[in-house]
Every structure is written in C-alpha cells, then in structure tokens.
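# Topology and contacts: notes
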Amino acid sequence: MNKEKNHGINYEKYTCLIDDLEMLKESSNEAVINLSEFSDFKKYMHVKRKVEEELYEIIEKSSKSNNAKLILVCGGVGDGKSHLISYLKNEYPEMMSKFKLHNDATESFEPNKTSIDTLNDILEDFSDSKLYKNKNKVIIAINLGALSNFIDSEYGNKFLELKKFIKEKEILDLNISENKYSDESVFQFINFSDYKIYSLTKEKAKSNYIKNILINIVKKDPKNKFRNSYENKCLSCKVRYKCPVKFNYEMLMKESVQETTIDLLIESIVKNKLIVSTRSVLNFIYDLLINSKLDNMKCNEIISYIDDIECNEFLDCLFTSNIFDHRERSSILESINKIDPIILESEELDKLIIKLNISENTEKIFNKYIKLEKEYYLNEIMINPNKEIKDKIINTFIRLNLFIPNEKIDLKDKMYIEFMKNMYYFNKGEKKELKEIYKNVKNAIYNWNGDCEIDKINLSIGKNQVRYKLSQSLEIKSDLNDLKENENDELFKFNQNIILNYKNENKGESYSIDIDFNLYDLLMRVKNGYRPNNNDKYNYINFVEFINKIERLGNQNKEIFVEDRFELNGGKYKFTYDEDFEEFKFIKVN
C-alpha cells in the first residue's frame with residue numbers, strides 16, 4: 001500500500017460499518033449468553049423457530065401444573081438453548097418467574113465445584129428420595145454430553161428415576177425423540193439436536209431460520225444497527241465506489257445471494273456432517289462480509305487501504321472469495337471450500353472458461369451470465385480484465401454466477417439433489433418414491449465384491465483372488481415395515497441419514513443400513529460398475545459389516561459357485577453339500 005497517497009482525505013474522521021459488524025463475531029461480547037440478561041441486539045436478532053413453539057408449550061403447561069417439574073432443554077454447544085431461555089424470560093417474565101433457571105455451561109455456585117457438583121445441587125429436589133415431596137419447578141439448559149456425564153457419575157445412583165426417563169425417551173440416542181408434554185411426569189424435555197437448522201420440503205431443503213437472520217442483518221429498520229451504519233457511514237464514505245465491504249453488504253441484500261448462501265450452508269451440513277449453531281452462522285456471515293485482511297485493521301487503516309486497493313486485492317475481498325478461499329477461518333468455510341463451483345467437472349463450464357480465456361470482449365459474456373448493476377467497480381474490473389489476474393477474474397465470474405446469475409450455468413451437484421429428495425421421501429415415509437433408491441442400493445450390494453450373475457453375490461474369502469471367483473445365490477427384498485408415515489409436507493425433525501432395510505423371507509431375517517450422503521455417492525458409483533478399494537472399505541466399515549450380515553442370508557451353506565477365470569471358455573463349477581447323504585459334490589456347470 002502506498003502510505004503517502006491519501007488524496008487529501010482525513011481518514012481519522014471516518015467510522016466504518018465493520019466496527020458494527022464485529023458484533024456478529026463469535027469473539028464478540030454479544031456471543032456470550034447469560035440467562036439473566038437479554039440485550040436489545042439479541043432481541044432484534046431473535047428469530048422464531050419450531051423448537052421455540054414446542055418449548056413454550058412445555059413451559060406454559062408446566063407453569064400451570066400443581067406438580068413439580070424439571071424441564072431439560074438439551075442439545076449441543078452453541079445451538080441456542082440458553083439464548084431461547086433468556087428470550088422467553090425476557091418476553092414472558094410472569095410465566096418464567098415460576099421456574100428456577102440454570103445454564104450448566106455458564107453458571108456455578110462456588111468456584112471449587114465442578115459442573116457435575118453444581119448439577120447435583122440444582123437437581124437435589126428431583127433425586128429419587130425427594131422426587132414427590134416438593135412442587136419446585138426448574139428449567140436447565142444442558143448439553144447432551146454434560147447430561148450423559150452426570151447420569152453416569154457418582155451422583156447417578158441418586159437419580160435412577162431421571163436416568164430411566166432419559167433412557168425411555170432415547171434423549172441421548174441418535175433417534176428422533178418424542179417430547180410431548182405429559183402432566184403425569186415430573187420430567188419434561190426438548191432436544192435441540194432433533195431440530196435441524198434447516199427443513200426438508202419436496203422441492204428442496206430450506207432454512208427460514210437462516211433466511212430471517214440474513215434479513216435482520218440487511219433490512220431497513222430503525223432497530224437494525226447494521227443497516228443504519230451502512231446508510232450513515234457507507235453511503236457517504238469517500239471510498240465507497242471501491243469498498244468491497246459495502247459491495248458485499250449490498251450483495252447480501254439480494255434474495256438470490258441469501259438463497260444461495262443458505263443452499264451452500266445446508267449442502268455443507270449434509271455432505272460433511274457439519275455442526276452449525278446460531279453462533280457459528282453469525283460468525284460465518286461476518287467472514288462472508290469482511291476479508292481477513294481487513295479484520296484487524298483500525299477504521300482509518302481500512303479506508304486508507306481501500307483508497308489504494310488494486311484490482312486483484314479487490315477481488316480477494318469480495319464475498320465470493322471470502323467464503324471459498326479462506327478455509328482456515330472456520331469449520332464452515334473449510335466445508336464450503338469443498339463445494340466451490342470452480343472445482344466442478346462440467347463440459348458446459350469448461351467450454352465457457354475456454355471462451356473467457358480467448359475472448360477479447362469479456363463484457364458481453366459477463367453481462368450475459370452475471371446480473372450486476374453497472375455502477376459497481378467490479379464491472380470495471382470484469383469487462384476490462386487485467387491479463388495478469390485473468391485466472392482470478394474467471395474464478396470470480398464462475399462463483400458470481402452461482403449467486404447473481406443472469407443466465408444460469410449448471411453448477412449443481414446432481415447426486416446431492418438426488419440424495420436430498422430421497423432423504424425427504426424417507427422421512428416422509430413415502431414408499432412408492434423410495435422404490436428407486438431401494439433398487440439402486442440393492443444393485444450396489446450385489447456389485448460390492450465385483451460383478452456377478454443375477455441374484456448372486458461374490459464372496460470375499462481371505463486374500464483377493466485373481467484366478468478364482470466364489471459366489472453364492474442370494475435373494476433379498478426391500479423391507480418397509482419400519483417405515484413411518486409423516487403427514488407434514490415440511491419436515492423440521494428428521495433423520496439426516498437414509499435407513500434402508502433388506503430381508504430374506506425364507507430365513508425371516510432383516511438387516512438395516514444407515515446411508516449418509518458420502519456412502520450414497522459411493523454406492524451409486526458401485527451400482528454403475530465402480531469397484532470399492534481398501535480405502536473405501538476402511539472408511540465405510542459400517543457398510544462392510546452390513547454386507548457381511550447380508551451374505552449370511554444367502555445360500556452358501558448349501559452351495560457355492562466357483563469360476564476359473566483362467567480356464568479357456570470360462571470354467572464354472574458348483575460346490576454343493578447333500579444333507580441327506582452328508583456328502584459334498586463338485587460339478588462343472590458350464
């Protein structure tokens with residue numbers, strides 16, 4: 001940066017939108033939740049979720065009960081448990097005053113006590129000996145790990161009734177828990193882990209929750225500190241034309257940018273088992289808007305930097321670069337980096353990249369595919385490209401098409417779209433719609449150890465054989481008995497894995513397999529002829545174990561087929577056992 005160049009601007013008098021956006025960072029004071037406080041900022045940013053409706057119902061009914069009530073608000077770290085309790089305390093003080101509130105992560109009575117010791121003190125009235133001798137009401141925000149540690153601790157034997165409740169409701173299991181209010185029970189619960197940050201619909205996965213967070217950050221509202229800062233600072237700033245932060249914030253106002261950002265977050269969650277909390281989403285939005293180069297600068301340094309910014313630096317600070325090129329900043333960005341559209345293999349995309357590389361007039365191509373107002377500095381860069389940063393410009397072009405397309409380039413992962421539809425139909429319990437996935441996975445089961453004849457599966461016995469191939473007859477069918485129908489069109493509580501069951505009617509046995517996206521992707525390739533290697537089998541040991549169980553449903557105890565691949569014209573034999581005469585036979589069948 002040229003420090004002597006300042007165009008007569010007094011940088012010291014400026015304040016910046018970045019200063020206000022820092023409230024979104026995980027390191028911000030606003031990220032810390034205290035049940036006794038609920039700031040105006042938190043109140044403004046609050047977004048209603050399905051889990052809030054159900055928790056409110058449990059608390060309301062518990063508050064009117066004449067019996068003691070312990071409400072366990074369970075979940076993972078940073079998923080909004082404490083925030084929601086704090087919000088309800090602020091909004092419904094009379095109702096919440098009937099409860100003693102405790103947050104296991106932030107509150108303690110004495111410095112020398114552990115969280116488990118503190119929980120024991122809080123829950124004393126709900127121990128087996130005192131359970132029905134009081135009418136106290138308590139709400140506890142507790143992480144599932146802390147709950148598990150507590151009931152397994154030395155105090156656990158005092159709380160056998162609580163332990164029984166937790167086990168019966170499968171609170172600590174991966175299954176979706178049934179959490180309806182029961183006045184007969186002292187114990188009530190809600191598990192935030194059952195409520196994903198997104199929902200499933202027939203069309204696509206979506207998140208009204210994240211959408212409303214984004215809207216709160218950009219919408220025109222007297223209470224919106226960010227929008228007020230943008231209008232009072234950015235719009236009159238001397239470097240506004242070249243400011244990437246202003247550009248990014250204005251892009252976030254666009255519905256297409258909001259929708260694509262949500263799609264990327266959901267895809268990352270599904271593909272990489274990403275755990276996304278409200279806190280991490282807010283931090284991600286900050287990372288999207290503010291490049292790491294600007295993160296720790298003072299306001300006057302930021303404005304001076306932007307005043308002298310070069311084209312390549314401007315591109316580096318765009319929101320598209322911020323979310324795809326900085327995997328080191330957070331687990332969300334690390335995950336999104338893996339689905340960067342520039343790494344997509346597409347014939348259409350390859351042809352377009354070639355056209356961009358050889359074209360002297362990129363303005364026509366840019367305007368055809370990107371919907372961007374002409375007053376932006378980015379237009380100037382893209383239509384008059386600097387040849388030294390051509391690759392960076394092409395990457396920016398591809399990524400922008402994902403967010404603000406004029407004419408869409410096909411940048412969607414079709415396997416992901418297919419998986420999400422199947423996930424929806426599985427959780428909906430729609431049998432007819434699952435016919436195709438059951439058939440495809442069945443074909444993958446038969447092909448797992450290599451191609452084989454119809455209704456036969458190869459057997460993996462000891463060291464891999466080059467010359468001989470062993471197989472058995474196997475007849476399996478789809479088992480839909482455990483499939484539960486869901487009448488809701490939009491699903492808020494669902495399993496992120498697709499669980500398929502296969503049975504052998506003759507043996508009366510059935511086995512299930514949990515399929516996540518990555519296993520689904522592998523199985524579809526196996527179905528199409530791909531042979532899984534040792535690394536695949538190591539990574540998906542659960543499917544290997546499933547195959548071993550499925551193989552036991554075959555006919556190998558009565559007959560095994562042997563093929564000699566080196567024998568001229570193919571030598572096929574059958575090795576059988578005659579139970580009546582207790583003898584083995586080895587005969588050629590071809």
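A quick note: this is a predicted structure, and the numbers were derived from the prediction, not measured.

Another aspect to go through is the overall build of the chain. The helix and strand tally for the chain stands at 27 helices and 15 strands. C-alpha extents for the chain along the principal axes are approximately 105 × 80 × 45 Å. Split into buried and exposed, the 590 residues of the chain put 51% on the buried side. When the accessible surface of the chain is split by element, carbon and sulfur atoms take 45% of a total near 30,400 Å². Mean positive and mean negative side-chain charge positions of the chain (92 and 100 charges, respectively) differ by 2 Å.

In total, this model carries 34 salt bridges according to the counting rule given. Across the salt bridge formed by Lys211 and Glu255, the nearest N and O atoms sit 3.7 Å from each other. In this pair, Lys211 is assigned in helix H9 (residues 208-218) and Glu255 in helix H12 (residues 255-272), connecting sequence segments 44 residues apart. You can call Glu255 exposed: its relative accessible area is 54%. Residues Lys254 and Glu373 are paired through a salt bridge, measuring 2.9 Å at the closest nitrogen-oxygen approach. Of the two residues, Lys254 is situated in the loop between helix H11 (244-252) and H12 and Glu373 in the loop between helix H20 (362-369) and helix H21 (377-383); the sequence distance between them amounts to 119 residues. For Glu373, a relative accessible area of 31% puts it in the partly exposed group. One salt-bridge network, held together by shared partners, links Lys204, Lys211, Glu255, Glu259 and Asp263.

Turning next to the sheet that holds strand S5 (residues 195-200). Remark on secondary structure: sheet strands pair via backbone hydrogen bonds, oriented parallel or antiparallel. With antiparallel pairing, the three strands of this open sheet are ordered in space as S6-S5-S10. Edge positions in the sheet fall to strand S6 (205-206) and strand S10 (491-493), since each of these pairs with one other strand and no more. Relative to S10, S5 is paired through two bridges, and the arrangement is antiparallel. Residue pairing in the sheet places Leu200 in a bridge with Leu491 of S10. This element, helix H23 (residues 414-428), spans S5, S6 and S10 of the sheet and lies at about 100° to S5.

Relative to the assigned elements, Asn136 resides in the loop between helix H6 (115-122) and strand S3 (137-143). Distance in space between the C-alpha atoms of Asn136 and His102 is 14 Å, their sequence separation being 34 residues. In contact with Asn136, other than residues within four places in its own chain, are Ala68, Lys69, Asp125 and Phe126. Polar contacts involving the side chain of Asn136 include one to the side chain of Asp125, which spans 2.4 Å.

Within the span of helix H7 (residues 144-151), buried status applies to Ala146, Leu147, Phe150 and Ile151. In an axial view of H7, the angular spread of the buried residues amounts to 125°, which keeps them on one side of the axis. Taken together, the buried residues of H7 touch strand S1 (69-75), H6, S3 and helix H8 (160-168).

In this section: a nonpolar patch on the surface. A grouping of Phe575, Phe584 and Phe586 is seen on the molecular surface, where their side chains present a nonpolar patch of about 340 Å² in accessible area. By secondary structure assignment, the location of Phe575 is in strand S14 (residues 571-578).

This paragraph deals with the sheet that holds strand S11 (residues 498-504). Pairing in this open sheet of three strands is antiparallel, and the strands run S9-S11-S12 from one edge to the other. Of all strands in the sheet, those bounded by a partner on one side alone are strand S9 (477-478) and strand S12 (509-515). Sheet topology places S9 next to S11; two bridges connect them, and they run antiparallel. Bridging from a neighbouring strand, Lys477 pairs with Lys503 of S11.

Secondary-structure assignment places Gln188 in strand S4 (residues 187-191). Overall, the relative accessible area of 2% leaves Gln188 in the buried class. There is a polar contact of 2.8 Å between the side chain of Gln188 and the backbone oxygen of Ser185. Setting aside residues no more than four positions away along its own chain, Gln188 makes contact with Ile58, Ser62, Lys69, Leu70, Ile71, Leu72, Phe165, Lys180, Tyr181 and Ser182.

Cut-offs and rules
- Numbers given to residues run from 1 along each chain, matching the order in which its sequence is written.
- Restriction of local features to residues with pLDDT of at least 70 applies here, the model being predicted, together with a cutoff of 80 or more for giving and counting side-chain atom pairs; totals for whole chains, interfaces and linings are based on all residues.
- To obtain the side-chain values, all non-hydrogen atoms of the structure were included, while hydrogens and water were left out.
- Here a helix means four or more residues in a row that DSSP labels H or I, a strand means two or more in a row labelled E, and each is numbered from the N terminus.
- Buried, partly exposed and exposed residues are distinguished by accessible area as a fraction of the type maximum, computed with a 1.4 Å probe on protein chains only: under 20%, between the cut-offs, and over 50%, respectively.
- Here the open area of atoms and residues is found with the Shrake-Rupley method and a 1.4 Å probe, where only the protein chains shown may cover a residue.
- When charges are counted, Lys and Arg contribute as positive and Asp and Glu as negative, whereas His and the chain ends are disregarded.
- By convention, the point assigned to a charge is CZ for Arg, NZ for Lys, CD for Glu and CG for Asp.
- Note on definitions: salt bridges are taken to be side-chain nitrogens of Lys or Arg within 4 Å of carboxyl oxygens of Asp or Glu.
- For two strands to pair, DSSP has to find at least two bridges joining them.
- When checking whether two residues touch, look at their non-hydrogen atoms; a contact exists if any pair is within 4.5 Å.
- Axes here mean lines fitted to C-alpha atoms, for a helix over just the part in contact, with angles spanning 0 to 180 degrees between N-to-C directions.
- By the criterion applied in these results, polar contacts are pairs of N or O atoms within 3.5 Å in which, for protein atoms, one can donate a hydrogen and the other can accept it, and in which residues neighboring in sequence qualify only through two side-chain atoms.
- The directions from the helix axis to the C-beta atoms are what the arc is built from.
- Any residue with relative accessible area above 30% and no salt bridge may belong to a patch, with like charges joined within 9 Å and the nonpolar Val, Leu, Ile, Met, Phe, Trp and Tyr side chains within 5 Å.

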